[in-house]
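One letter stands for each residue in the lines below.
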Amino acid sequence: MQELDPKDAAPCACSSARPAPRGETPGPEQSGSPAAGRGLPGTLALLGLGLVLWFAVYFSLQDAARYVTGQVLGLDLASHLGRSVEFFLYDTPKVLMLLAIVVFGVGVLRSFFTPERTRRILAGKSEAAGNVMAALLGTVTPFCSCSAVPLFIGFLGAGVPLGVTFSFLVSAPMVNEIAVVLLYGLLGWKVAALYMVTGLAIAIVSGMVIGRLKMERHVEEWVTRIRLDTSGEKDAELSWAERIQAGRTALRDIMGKVWPWVVGGIAVGAGIHGYVPEGVLASIMGKDAWWSVPAATLLGIPMYSNAAGIIPVVEALLGKGAALGTVLAFMMAVIALSLPEMVILRKVLKPRLIVVFAGVVGTGIMLVGFLFNAIV
């Protein structure tokens, strides 16, 4: 079997911009960016002004959506169509604006967490410390479930234990900064905090379980033969101007790939918000239906999306009476157990390990769903 090329992650919906190779990082003058002529103080001043304008526009979106729906389009705000259109006009710019500011910030943050540095942090750690650290690193390294797979191979090649690499593989897509910030912006800090804590718990425990099962023999042989020598690697020291440019590059590249998924997710959410009668989802995805959590988990696996695309759907489901635990289970399954991820994992893992991975993570997701349906 041939080595997996990162380009094999093409099905992924949230590919991230990569920093330039070490020693070839373009500064502002080389990149031809507007920052080249104004320097760091001017760039920071423009960023500050942009942030003020961002807040001014963000907090006027709801009134603007209501005005356009009722006055410009002449729709009855109480009708099915009116509610759907208002939801779409409000949530589309809201989610895209939240996403833009998060992606820019993460692009700057990512300049501190290159793949080489992440591998070195995880290599040589004890099992328990490694699982916790891998899960935490997954939250600040913007790799989705598909693009995390090549990094997964690099971890194994650098000597990171199998269970630790799985903690990262689960955490990176599921507890990413985009999901947490969008949940905070749309549903409040309590839901965002619950999601983050339970997602980290699933990642840590899943990695520990897989590590204890000693399933290294179920990794494809060509992967186990890879041994990376990272002792001589040094990360490039970037200036703040270059880090800001990295944020702008991430904003351009990631938003260009993700926005169709965002708009599609909001369109689905708008349809649910406007046309699904009150109480229907409560009867299907409510607390009283014991089978709703397993069904939501299984339903989420083939419905691949990224966090930005699925969170507007989650918002609409909760607004129509679906139980929080059931909706969280659905969301986690969509993000962390996608079919494209399983296809790519098959290139590096044997079927039994893939089944164990899906079973352990799926069980953790269902336990979270049952738990929050019981206590919330």
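Since the model is a prediction, treat every value here as computed from it, not as a measurement. (Residues numbered from 1 in each chain as written. Predicted model: local features only at pLDDT ≥ 70, side-chain atom pairs only at ≥ 80, totals over all residues. Heavy atoms only, no water.)

Considering the pattern of salt bridges
Summed over the entire model, instances satisfying the criterion amount to two salt bridges. Measuring nitrogen to oxygen at the nearest pair gives 3.3 Å for the salt bridge that ties Arg66 to Glu86. On the criterion of sequence distance, the pair formed by Arg66 in helix H3 (residues 61-72) and Glu86 in helix H4 (residues 80-110) is long-range, its members being 20 residues apart. For Arg66, a relative accessible area of 41% gives the class partly exposed. Residue Glu86 is classed as buried on the basis of its relative accessible area of 13%. Across the pair Arg346 and Glu220 runs a salt bridge, and its minimum N-O distance is 2.7 Å. With Arg346 in the loop between helix H17 (339-345) and helix H18 (351-375) and Glu220 in the loop between helix H10 (189-212) and helix H11 (221-224), this pair connects stretches of sequence that are 126 residues apart. Using a relative accessible area of 9% as the deciding quantity, one classes Glu220 as buried. (Salt bridge = Lys/Arg side-chain N within 4 Å of Asp/Glu carboxyl O. Helix = DSSP H or I, 4+ residues; strand = E, 2+ residues; numbered from the N terminus. Buried < 20%, exposed > 50% of the residue type's maximum accessible area, 1.4 Å probe, protein only.)

Digging into the nonpolar core
Grouped together as the largest cluster of nonpolar side chains are 78 residues, with contacts concentrated most on Leu162, Phe166, Tyr195, Ile310, Met331, Leu349 and Phe357. The element best represented in this core is helix H16 (residues 324-336), accounting for ten residues. What Leu349 contacts, discounting residues up to four positions off in sequence, is Phe152, Phe166, His218, Val219, Glu220 and Ile354. (Core = buried A, V, L, I, M, F, W, Y, C linked by side-chain atoms within 4.5 Å. Contact = heavy atoms within 4.5 Å.)

Topic: the environment of Ala296
Relative to the elements of secondary structure, Ala296 occurs in helix H14 (residues 292-300). Placed 38 residues apart in sequence, Ala296 and Val334 show a C-alpha to C-alpha distance of 9.5 Å. Among residues more than four places away in sequence, those in contact with Ala296 are Met285, Thr326 and Phe330.

Topic: the side chain of Thr69
Checked against the element boundaries, Thr69 lands in helix H3. Note on Thr69: relative accessible area 0%, which makes it buried. Excluding residues that lie within four positions of it along the chain, Thr69 makes contacts with Gly74, Leu75, Leu77, Gly82, Val85, Glu86 and Leu89.

Overview of the packing of H14 against H18
Packing of H14 against H18 brings their axes to within 9 Å, and their N-to-C directions diverge by 140 degrees. With respect to each other, H14 and H18 are oriented oblique. Our pair here, H14 against H18, has a crossing hand that is right-handed. Every residue of H18 that contacts H14 at Ser292, Val293, Pro294 and Thr297 is listed here: Gly362, Ile365, Met366, Gly369, Phe370 and Asn373. Looking at side-chain class alone, the contact of H14 with H18 contains five nonpolar, five polar and no charged residues. (Axes fitted to C-alpha atoms, helices over the stretch in contact; angles between N-to-C directions. Parallel < 35°, antiparallel > 145°, perpendicular 65-115°, else oblique. Left-handed = near helix turned anticlockwise from the far one by under 90°. Nonpolar A, V, L, I, M, F, W, Y, C, P; charged D, E, K, R; others polar.)

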